[in-house]
Amino acid sequence: HLVESGGGLVQAGGSLRLSCSASGFDFSAYTMAWFRQAPGKEREFVASILWSGGTTDYADSVKGRFTISRENAKNTVYLQMNSLKPEDTAVYYCAARPLTIATTWDEYRYWGQGTQVTVSS
């Protein structure tokens, strides 16, 4: 069970921090990721973090602006989003898969309901 929070409306250049709270599985043994889906577009990979927190991966479109992190003691993963652009507007989803990092959505086992992020120009 994954529950996202922290979405909202922000002006271009602003920041948001998304959180995803997990339950019902061994969070510390799962890779966590964020995906997003804009209207009329396919779901796309944003960022992922290994179960240990020691390895991260980012889509080229967000590198240098977004940071993924996790607190295993709190069963929570975060996505800090800075320098937001209108093209970042989408529903952001939290996802989980056992052990290794992956960048395609069908490799993830658990999904949250999503949180809307809207960036105005």
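Residues numbered from 1 in each chain as written. Predicted model: local features only at pLDDT ≥ 70, side-chain atom pairs only at ≥ 80, totals over all residues. Heavy atoms only, no water.

## Points about the overall build of the protein
Put simply, the rule is: Per the convention used, a helix needs a DSSP run of H or I reaching at least four residues, while a strand needs a run of E reaching at least two, with both numbered from the N terminus. The globule rule used for comparison is 2.2 Å times the number of residues to the exponent 0.38, while the radius of gyration itself is calculated over C-alpha atoms. Whether a residue is buried, partly exposed or exposed follows from its accessible area with a 1.4 Å probe, protein chains only, as a fraction of its type maximum: under 20%, in between, or over 50%, in that order. Contacts: residue pairs with any heavy atoms within 4.5 Å of one another. The method behind every accessible area is Shrake-Rupley, applied with a 1.4 Å probe, and residues are considered shielded solely by the protein chains displayed. A residue counts as positive if it is Lys or Arg and as negative if it is Asp or Glu; His and the chain ends are not included. To locate a charge, the coordinates of NZ of Lys, CZ of Arg, CG of Asp or CD of Glu are taken.
When helices and strands are counted, the protein shows zero helices and eleven strands. The C-alpha atoms of the protein give 13 Å as radius of gyration, which agrees with the globular expectation for 121 residues (14 Å, within 12%). Across its three principal axes, the protein shows a C-alpha extent of roughly 40 × 25 × 25 Å. The 121 residues of the protein split such that 43% are buried. A separation of at least 24 residues holds for 59% of the contacts in the protein among residues at least 6 apart in sequence. If you sum the accessible surface of the protein, you get close to 6000 Å²; carbon and sulfur atoms cover 48% of it. The average position of the 11 basic charges and that of the 11 acidic charges among the side chains of the protein differ by 4 Å.

## Some points on the environment of E42
Within the secondary structure layout, E42 lies in the loop between strand 4 (30-37) and strand 5 (44-49). The exposure class of E42 is exposed, given its relative accessible area of 71%. Residues E42 and R17, spaced 25 residues apart in sequence, show a C-alpha to C-alpha distance of 23 Å.

## Overview of the state of the cysteines
The following threshold applies: Two cysteine sulfur atoms make up a disulfide if the distance between them is within 2.5 Å.
Tallying each qualifying case throughout the model produces one disulfide. Here C20 pairs with C94 through a disulfide, and the sulfurs are 2.1 Å apart. As the torsion about the S-S bond is roughly -80 degrees, the C20-C94 disulfide counts as left-handed. Within this pair, whereas C20 is found in strand 3 (residues 16-22), its partner C94 is found in strand 9 (residues 90-98), the two being separated by 74 residues in sequence. By the burial criterion, C20 is buried, and C94 matches it.

## Points about unusual backbone geometry
At S83, a residue that is not glycine, the phi angle is positive and equals roughly 50 degrees. Its place among the elements puts S83 in the loop between strand 8 (76-81) and strand 9. Classification of S83 as partly exposed rests on a relative accessible area of 41%. Phi at L99 is positive, roughly 65 degrees, even though this residue is not glycine. Tracing the backbone through its elements, the reader meets L99 in the loop between strand 9 and strand 10 (110-111).

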